[in-house]
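If you want the building blocks of each chain, they are given just below.
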Amino acid sequence: MLKLIALKRYLEGVQLWNPERIDAAAENGTPEFSGSEASADLLLFRNRYTGTIEVFGTAGNLTDLLAHVLVWLELNGGNNDSLDGWEGEPVDHDRSDITLTLTFEEDVRYVPAPANYAGADKITWNGADWVPGSKAADLANALAGVSGTVQQ
């Protein structure tokens, strides 16, 4: 549910709405087993889920809310993430309650467990022990034996 949480935190940080008036909840989900091993980690399953974000008694503009959500999805979502719709009702004058329904898909990855690791989150797959996590890409900032100057 990391994407749902990240979107909620983003909307709280925009400060167009009072953060206490923003709520998020996962509604349902469907895990799809993969078991695909790469050199650094194991894609155990893909979790596709529906979530809602509710903005209560807000005076903010619905157009602003939709624009922020759609831009966030474009920049942070995957191909299968979407804003599926919204519902709203007036509360009083220019205030309203808005509920957004979204669909997200997240990869759940595991990394090799440390030797002798006995935590409850350890799983065994194909004879190897794994724990939740994901290896970060190893980006080199410098190459050994190569100077930073260009000779012409």
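Attention here is on the structure that accompanies the text. (Residues numbered from 1 in each chain as written. Predicted model: local features only at pLDDT ≥ 70, side-chain atom pairs only at ≥ 80, totals over all residues. Heavy atoms only, no water.)

**Side note on helix α2 (residues 62-76)**
An α-helix turns once every 3.6 residues. As a result, residues three or four positions apart point the same way.
Here is step 1 of the chain: An ideal rise of 1.5 Å per residue puts 21 Å on 15 residues; α2 measures up with 21 Å between its terminal C-alpha atoms.
Here is step 2 of the chain: All of the buried residues in α2 are Leu65, Leu66, Val69, Trp72 and Leu73. Around the axis of α2, the buried residues are gathered within 130° of arc, so they sit on the same side. Exposed residues on α2 whose side chains face more than 90 degrees from its buried face are Thr63, Glu74 and Leu75. (Helix = DSSP H or I, 4+ residues; strand = E, 2+ residues; numbered from the N terminus. Expected span 1.5 Å × (residues − 1). Buried < 20%, exposed > 50% of the residue type's maximum accessible area, 1.4 Å probe, protein only. Arc of directions from axis to C-beta.)

**Comments concerning the environment of alanine 118**
Here is step 1 of the chain: Following the sequence through the fold, alanine 118 ends up in the loop between β4 (96-112) and β5 (123-125).
Here is step 2 of the chain: Using a relative accessible area of 70% as the deciding quantity, one classes alanine 118 as exposed.

**Structural notes on the packing of helix α1 (residues 2-14) against α2**
Here is step 1 of the chain: One can describe the packing of α1 onto α2 by two numbers: an axis separation of 11 Å at closest approach and a directional angle of 135°. One finds that α1 runs oblique with respect to α2. Handedness of the crossing formed by α1 with α2: right-handed. Facing Lys3, Ala6, Leu7, Tyr10, Leu11 and Val14 of α1, the residues of α2 in contact are Leu65, His68, Val69, Trp72 and Asn76.
Here is step 2 of the chain: Residue composition of the contact of α1 with α2, by class: eight nonpolar, two polar and one charged. (Axes fitted to C-alpha atoms, helices over the stretch in contact; angles between N-to-C directions. Parallel < 35°, antiparallel > 145°, perpendicular 65-115°, else oblique. Left-handed = near helix turned anticlockwise from the far one by under 90°. Contact = heavy atoms within 4.5 Å. Nonpolar A, V, L, I, M, F, W, Y, C, P; charged D, E, K, R; others polar.)

**Here we look at the nonpolar core**
One recurring pattern in soluble globular proteins is that nonpolar side chains are buried together.
Here is step 1 of the chain: One finds Leu7, Leu11, Leu65, Val69, Leu102 and Phe104 to be the most contacted residues of the largest nonpolar core, which totals 17 residues.
Here is step 2 of the chain: Mapped by element, the contributors of at least two residues to this core are α1, β2 (42-58), α2 and β4.
Here is step 3 of the chain: At five residues, α2 tops the list of elements feeding residues into this core.
Here is step 4 of the chain: If we ignore the near neighbours within four places in the chain, the residues touching leucine 65 are Leu11, Trp17, Val55, Ile98 and Leu100. (Core = buried A, V, L, I, M, F, W, Y, C linked by side-chain atoms within 4.5 Å.)

**Some points on the environment of threonine 50**
Here is step 1 of the chain: Here threonine 50 is to be found in strand β2.
Here is step 2 of the chain: Threonine 50 sits 23 residues away from glutamate 27 along the chain, and the two C-alpha atoms are 5.5 Å apart.
Here is step 3 of the chain: With residues near it in sequence (within four places) discarded, threonine 50 still touches Ala25, Ala26, Glu27, Asn28, Thr101, Leu102 and Thr103.

**A look at unusual backbone geometry**
Leaving glycine aside, a negative phi is the common case for residues, and trans is the common case for peptide bonds.
Here is step 1 of the chain: Its identity is not glycine, yet asparagine 116 carries a phi of approximately 65°, on the positive side.
Here is step 2 of the chain: Mapped onto the secondary structure, asparagine 116 falls in the loop between β4 and β5.
Here is step 3 of the chain: Positive phi outside glycine occurs at asparagine 126, with the angle close to 55°.
Here is step 4 of the chain: Note on placement: asparagine 126 falls in the loop between β5 and β6 (128-132).
Here is step 5 of the chain: Under the relative-accessibility criterion, asparagine 126 is labelled exposed at 60%.

**Things to note about the packing of aromatic side chains**
Here is step 1 of the chain: Counting across every chain of the model gives two aromatic pairs.
Here is step 2 of the chain: An angle of 70° between the planes, with centres 5.2 Å apart, marks the rings of phenylalanine 33 and tryptophan 125 as edge-to-face. Taken together, the residues span a long stretch of sequence, with phenylalanine 33 in strand β1 (residues 22-37) and tryptophan 125 in strand β5 at a distance of 92 residues.
Here is step 3 of the chain: When the ring of tyrosine 49 is compared with that of phenylalanine 104, the centres are 5.5 Å apart and the planes differ by 35°; the resulting orientation is tilted. Of the two residues, tyrosine 49 is situated in strand β2 and phenylalanine 104 in strand β4; the sequence distance between them amounts to 55 residues. An identical accessibility class is assigned to tyrosine 49 and phenylalanine 104; each is buried. (Phe/Tyr/Trp six-rings, centres within 6.5 Å; stacked < 30°, edge-to-face > 60°.)

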